[in-house]
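# Remarks on the overall topology
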Amino acid sequence: HQTGKLKQAEKLYLSILAADPEHADALSSLAMIRHQAGRYAPAIKLLYRAIAKVDDNPGYFMNLGTVQTAAGQLPDAEQSYRRAIKLAPGYADP
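The structure contained in this document is the topic of the report that follows.

Thresholds applied
Chains are numbered independently. Their residues run from 1 in the order of the written sequence. Confidence filtering applies because this is a predicted model: local features only for residues at pLDDT of at least 70, side-chain atom pairs given and counted only at 80 or more, and all residues used for totals across whole chains, interfaces and linings. Hydrogens and water molecules were not included; the side-chain quantities draw on all heavy atoms of the structure. Axes here mean lines fitted to C-alpha atoms, for a helix over just the part in contact, with angles spanning 0 to 180 degrees between N-to-C directions. A run of H or I in DSSP becomes a helix once it reaches four residues, and a run of E becomes a strand once it reaches two; helices and strands are each numbered from the N terminus. Any angle that is under 35 degrees is reported as roughly parallel, and any over 145 degrees as roughly antiparallel; angles of 65 to 115 degrees are reported as roughly perpendicular and all others as oblique. A clockwise turn of the near helix away from the far one marks a right-handed crossing, whereas an anticlockwise turn of less than a right angle marks a left-handed crossing. By definition, residues are in contact when any of their heavy atoms lie within 4.5 Å. Just so you know the grouping, Ala, Val, Leu, Ile, Met, Phe, Trp, Tyr, Cys and Pro go in nonpolar, Asp, Glu, Lys and Arg go in charged, and all remaining residues, Gly too, go in polar. What a helix is expected to span follows from its residue count: subtract one and scale by 1.5 Å. Three exposure classes are used, based on accessible area relative to the maximum for each residue type with a 1.4 Å probe and protein chains only: buried under 20%, partly exposed in between, and exposed over 50%. What the arc describes is the spread of directions from the helix axis to the C-beta atoms.

## Topic: the packing of helix α2 (residues 24-36) against helix α3 (residues 40-53)
Running from N to C, α2 and α3 point in directions that differ by 165°, and their axes come no closer than 8 Å. Considering the angle they form, α2 stands roughly antiparallel to α3. The element α2 and its partner α3 pack so that their crossing is left-handed. Every residue of α3 that contacts α2 at Ala24, Leu27, Ser28, Leu30, Ala31, Met32, Arg34 and His35 is listed here: Tyr40, Ala43, Leu46, Leu47, Arg49, Ala50 and Lys53. Among the residues forming the contact of α2 with α3, the class breakdown is 10 nonpolar, 2 polar and 3 charged.

Here it is, written out as structure tokens:
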């Protein structure tokens, strides 16, 4: 999805999730597509599902913070960013 081919990426992630509904990377990636489309609530729900499956991935918490920031949920975003940093001090999302 980072190359701008959102529709193709969305189809890929949905097919992965059809086979494995709790595939954390696909959930997180699909969430970021939703974020790019301005669909913040569905994106946040997808990220919470990813985190419920894998709760030690700082990237998921960074993504969550990014979406929460865009949605105006700044206190929640701060918590998400702090969790990412706690999991990986010095973590920076490229």
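## Examining helix α5 (residues 74-87)
With 14 residues, α5 should cover 20 Å at 1.5 Å per step; its first-to-last C-alpha distance of 20 Å lies within 8% of that length. What α5 keeps buried is the set Ala77, Ser80 and Ala84. Along the long axis of α5, the arc covered by the buried residues comes to 60°, so they all point the same way. α5 presents Pro75, Gln79, Arg82 and Lys86 as exposed residues on the side facing more than 90 degrees away from its buried surface. Considering only its buried residues, α5 is in contact with α4 (58-70).

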